[in-house]
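Close look at the chain arrangement
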Amino acid sequence: MTTTPIIIPIFLPNLGCRERCLFCNQKVTAKEIPSPLSVRGVIQASLAKLPSDKKRKKEVAFYGGTFTAIEKERQILYLKEVQPFLSSGLIDSVRISTRPDALDEEILSLLWEYGVRTVEVGAQSMIDQVLMLARRGHNAENTICAVRRLRSWGFEVGIHLMIGLPGDSLQHFSKSLDRLTDLKPDFVRIHPTLVLKGAPLEKLWRDGGYSPLSLDEAVQWLKRGVLQLERASIPVARIGLQATKDLERSLLAGAYHPALHQLVDSAIFFDMARSLLQLSPKNGSRVRFLCHPKEVSDLRGQRNENILRLKEEFKPSEILIHESEVWPKGSLGLQTKEGRILFHRRSLLRYHSLPEDRDVGPFLTG
Ligand code: SF4
């Protein structure tokens, strides 16, 4: 298993962006655009605070805008500031986030020359209609070409996806994932669409032209997405935007939760537990689950919600959880008189067809 790197983020809000995407208000994640000259100080200050963990790579990340659409000279000014840290070995590599239509061969050559090894591509969706309504200004084909080009250079590729954009649906999301898994990115980040103060989406929402996914809907969509990606062995690096005070202050509506990833994992464990109990009904008798210690909180759910729901549905006399380090992570066991039944989360996709769909739209964003 690869260890996640320690990232020193430098936010360049909206820098390089030609237009404002419908959902975007980068001002909530960073206040000012740091100048190239300030980058060295930021890295030094961050390195001084970092724990010395020699096993984890350290990366500087330029996030928050369209890095590769900034004027070339300015890109170089930013990247040059990282070079002394790369030469001394204090930093291992650089990562950037950008749009799929700003990644031509010349840009990739420049990035490689200056130590960029990871590129996070804002795909958001692989459905052209959804991209058009979100005013992205690129299409799914741009993402396919960009990822293939990045791969041929040897970059590590991350993909950002959103759910619940205008015109989106669970079927669209599932199709987007199918198209992306064919491209085999190294990791994926997914977050639900949020209505943020100052983003163009705010007006559409206030006018009644858009209603975001509820938290429950988002968890159901994400559950399916996570399982689909796991089946394709593609790691999910993050679910949901990073919780910050600025983000919470700007949030008007949408499926936001500071521990969204955990909610999704709990929903997966609930489904596994339910599937096991359906195989072996427990009315009035004792249920004994077997689970890895690190996953007991997922099995229980927030405030023990999963256990309460299972008790309500299956009416056992009690539910016991036996924790064991030897129990494989990602799986749940049920002790029965005949032996143990094992259920792995990978099997869930077979049990769950796509539920009743709800379109987030149709909406014109004029
Ligand atoms: S979503 Fe990305 S590309 Fe769109 S305006 Fe915001 S920072 Fe720029």
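Conventions and cut-offs
Residues numbered from 1 in each chain as written. Predicted model: local features only at pLDDT ≥ 70, side-chain atom pairs only at ≥ 80, totals over all residues. Heavy atoms only, no water. Helix = DSSP H or I, 4+ residues; strand = E, 2+ residues; numbered from the N terminus. Rg over C-alpha atoms; globule rule 2.2 N^0.38 Å. Buried < 20%, exposed > 50% of the residue type's maximum accessible area, 1.4 Å probe, protein only. Contact = heavy atoms within 4.5 Å. Areas by Shrake-Rupley, 256 points an atom, 1.4 Å probe, with all protein chains shown as cover. Lys, Arg positive; Asp, Glu negative; His and termini not counted. Charge placed at Lys NZ, Arg CZ, Asp CG, Glu CD. Axes fitted to C-alpha atoms, helices over the stretch in contact; angles between N-to-C directions. Parallel < 35°, antiparallel > 145°, perpendicular 65-115°, else oblique. Near = heavy atom within 4 Å. Nonpolar A, V, L, I, M, F, W, Y, C, P; charged D, E, K, R; others polar. Domains from an automatic or database assignment. Buried area = accessible area lost by both parts, 1.4 Å probe. Salt bridge = Lys/Arg side-chain N within 4 Å of Asp/Glu carboxyl O. Phe/Tyr/Trp six-rings, centres within 6.5 Å; stacked < 30°, edge-to-face > 60°. Lys NZ or Arg CZ within 6 Å of the ring centre and 35° of its normal.

**Concerning the overall build of the protein chain**
Of the regular secondary structure elements, the protein chain holds 13 helices and 13 strands. Radius of gyration (C-alpha) of the protein chain: 22 Å, near the 21 Å computed for a compact globule of 366 residues. If you line up the protein chain on its principal axes, its C-alpha atoms span 70 × 50 × 40 Å. With 366 residues in all, the protein chain has 53% of them scored as buried. For the protein chain, contacts bridging at least 24 residues in sequence account for 78% of all contacts bridging at least 6. A total of about 17700 Å² of accessible surface is found on the protein chain, and carbon and sulfur atoms cover 50% of it. Within the protein chain, one finds 52 positive and 42 negative side-chain charges whose respective centroids are separated by 4 Å.

**Observations concerning the packing of helix H8 (residues 215-231) against helix H10 (residues 260-279)**
In a pair of packed helices, the angle between the axes and the distance between the axes together describe the arrangement. Two numbers describe how H8 lies on H10: the axes approach to 9 Å, and their chain directions differ by 75°. The orientation of H8 with respect to H10, classified from their angle, is roughly perpendicular. In contact with Leu215, Val219, Leu222, Lys223, Val226 and Leu227 of H8, H10 contributes Leu260, Leu263, Val264, Ala267, Ile268 and Asp271.

**Quick word on the site of the ligand**
Inspection of the region around the ligand gives 13 residues, with Asn14, Cys17, Glu19, Cys21 and Cys24 positioned closest. Tallied by class, the residues present in the shell around the ligand amount to four nonpolar, five polar and four charged.

**Here we look at the domain arrangement of the protein chain**
Domains assigned within the protein chain are domain 1 (6-258) and domain 2 (264-351). Contacts between the two partners involve 11 residues from domain 1, matched on the other side by eight residues from domain 2. Taken over both partners, the interface formed by domain 1 and domain 2 buries close to 890 Å², and the fraction arising from carbon and sulfur atoms is 72%. Of all residues in domain 1, Lys223, Leu227 and Glu230 give up the largest surface area on contact with domain 2, accounting jointly for 53% of the area buried on that side. The interface formed by domain 1 and domain 2 includes two salt bridges. The salt bridge involving Glu230 is made with Arg345; its shortest N-O contact spans 2.8 Å. Ranked by the residues each element gives to the side of domain 1 that touches domain 2, the list is headed by H8, at nine residues. Among the residues forming the side of domain 1 that touches domain 2, the class breakdown is five nonpolar, two polar and four charged.

**Let's talk about the environment of Asn283**
Along the chain, Asn283 turns up in the loop between H10 and strand S10 (286-291). Classification of Asn283 as exposed rests on a relative accessible area of 64%. Sequence separation between Asn283 and Arg40 is 243 residues; the distance between their C-alpha atoms is 64 Å. Setting aside residues no more than four positions away along its own chain, Asn283 makes contact with Phe314 and Lys315.

**Let's talk about the packing of aromatic side chains**
Enumeration according to the criterion identifies six aromatic pairs in this entry. Ring geometry for Phe62 and Phe67: centres 5.1 Å apart, planes at 25°, overall stacked. Residue Phe62 shares its accessibility class with Phe67, and that shared class is buried. Taking NZ or CZ as reference, Arg117 lies 3.7 Å from the ring centre of Trp112, over its face. Its end group placed over the ring of Phe270, Arg309 keeps NZ or CZ at 3.9 Å from the ring centre.

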